[in-house]
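An overview of the molecular structure
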Amino acid sequence: MTARTASPQHRAAVFIDKDGTLIEDVPYNTDPARVRFTPNALRGLQQLARGDFALFIATNQPGLADGRIAWQAFDALRAHIDQRLRDDAAIVLDGWCVCPHAAASAVACACRKPAPGLLSQAAAGHDIDLARSWMVGDILDDVEAGRRAGCSTVLLDVGNETEWHLTAQREPHHRCADLGAAAAWIVAHTPPAAARLDA
């Protein structure tokens, strides 16, 4: 019989919507000068980083499909946000998960929220334990994407959801006012990784 030794643990992650959650929602913006972090966003990210959560931005960007946003401009904006996070809060993201498809595309994609593809792809590529992970967003499509991926969810109840088509998959596990409060809830309510042993 071989000895049973502990295996490396999958990390828990927090997937964070971009517009309206991490930064103020300015539709189709690619101007770095107009980027403003939402209240307590940086403090929340710092708390999550101290808790050893992997941090991902998960965002639908249909403007890339219909020409309202150019990839070069979006990449420059993404680089600006990354730099601001490093400079202002010493935060380094683990990745960006971007759906570039149109909302009414003739070809259905698996990545546009509320589909879970962005989260599932990130988990597969970064050894993420989705059962211990979270999706945080400002609309119910974010909640549904998180639930369908197997995550817990937090809705920032800040007035950006306007339709309120609630189903079991669109009911958030928790609601709060900003990313700082979301981070505190997540840290307090994420179970430790279960011990996994190899035979």
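Attention here is on the structure that accompanies the text. Since the structure is predicted, the reported quantities are computational estimates derived from the model, not experimental observations.

Calculation criteria
- Within any chain, residue numbers begin from 1 and follow the written order of that chain's sequence.
- Residues qualify for local features only when their pLDDT is at least 70, as the model is predicted, and side-chain atom pairs are given and counted only at 80 or more; totals for whole chains, interfaces and linings, by contrast, use all residues.
- Processing note: side-chain calculations cover all non-hydrogen atoms of the structure and skip hydrogens and water entirely.
- Between buried and exposed lies partly exposed: a residue is buried under 20% and exposed over 50% of the maximum accessible area for its type, with that area taken using a 1.4 Å probe on protein chains only.
- Numbering of helices and strands runs from the N terminus; a helix is a DSSP stretch of H or I covering at least four residues, while a strand is a stretch of E covering at least two.
- Note: the arc covers the axis-to-C-beta directions of the helix.
- Contacts between residues were defined by any pair of non-hydrogen atoms, one from each residue, lying within 4.5 Å.
- Between N or O atoms, a polar contact is any pair within 3.5 Å; within protein, one atom must be a potential hydrogen donor and the other a potential acceptor, and residues adjacent in sequence are included only when both atoms are from side chains.
- Aromatic contacts are taken between Phe, Tyr and Trp rings whose centres are within 6.5 Å, Trp giving its six-membered ring; a plane angle under 30 degrees counts as stacked, one over 60 as edge-to-face, and the others as tilted.
- Note on definitions: salt bridges are taken to be side-chain nitrogens of Lys or Arg within 4 Å of carboxyl oxygens of Asp or Glu.

1. Focus: helix H6 (residues 179–189)
By the burial criterion, the buried members of H6 are Leu179, Gly180, Ala182, Ala183 and Ile186. Axial view of H6: buried residues confined to an arc of 155°, hence all on one face. Tucked inside the fold, the buried residues of H6 contact strand E2 (13–16), helix H1 (41–50), strand E5 (134–137), strand E6 (152–156) and strand E7 (174–176). Taking the backbone nitrogen of Gly180 as reference, a side-chain oxygen 3.0 Å away marks Asp178 as the first, capping residue of H6.

2. Thoughts on the packing of aromatic side chains
Per the counting criterion, the structure on display carries three aromatic pairs. Between Phe15 and Phe56, the aromatic rings sit 5.3 Å apart at their centres with planes inclined by 20°, giving stacked as the arrangement. Taken as a pair, Phe15 in strand E2 and Phe56 in strand E3 (residues 54–60) lie far apart in primary sequence, 41 residues in all. Phe56 shares its class with Phe15; the two are buried. Ring centres 6.0 Å apart and planes at 85° place the aromatic pair Trp71 and Phe74 in the edge-to-face group. Of this pair, Trp71 and Phe74 both sit in helix H3 (residues 71–89), three residues apart, roughly one helical turn. The exposure class of Trp71 is partly exposed, given its relative accessible area of 40%. With relative accessibility at 1%, the residue Phe74 sits in the buried group. Among the aromatic residues, those joined into a ring-pair cluster are Trp71, Phe74 and Trp96.

3. A few points about the pattern of salt bridges
Inspection of every chain in the model, using the stated rule, returns 13 salt bridges. Across the pair Asp142 and Lys113 runs a salt bridge whose closest N-O atoms are separated by 2.8 Å. With a gap of 29 residues between them, Asp142 in helix H5 (residues 140–149) and Lys113 in the loop between strand E4 (95–99) and helix H4 (117–126) connect regions that are remote in the sequence. The buried category is assigned to Lys113, whose relative accessible area is 2%. For Arg170, the salt bridge goes to Glu144, with nearest N and O atoms at 2.9 Å. You can see Arg170 sitting in the loop between E6 and E7 and its partner Glu144 sitting in helix H5, a full 26 residues away along the chain. Residue Glu144 is classed as buried on the basis of its relative accessible area, which comes to 12%. One salt-bridge network, in which partners are shared between bridges, spans Asp141, Glu144, Arg148 and Arg170.

Honestly, that's just the spatial picture; any functional story needs more than this.
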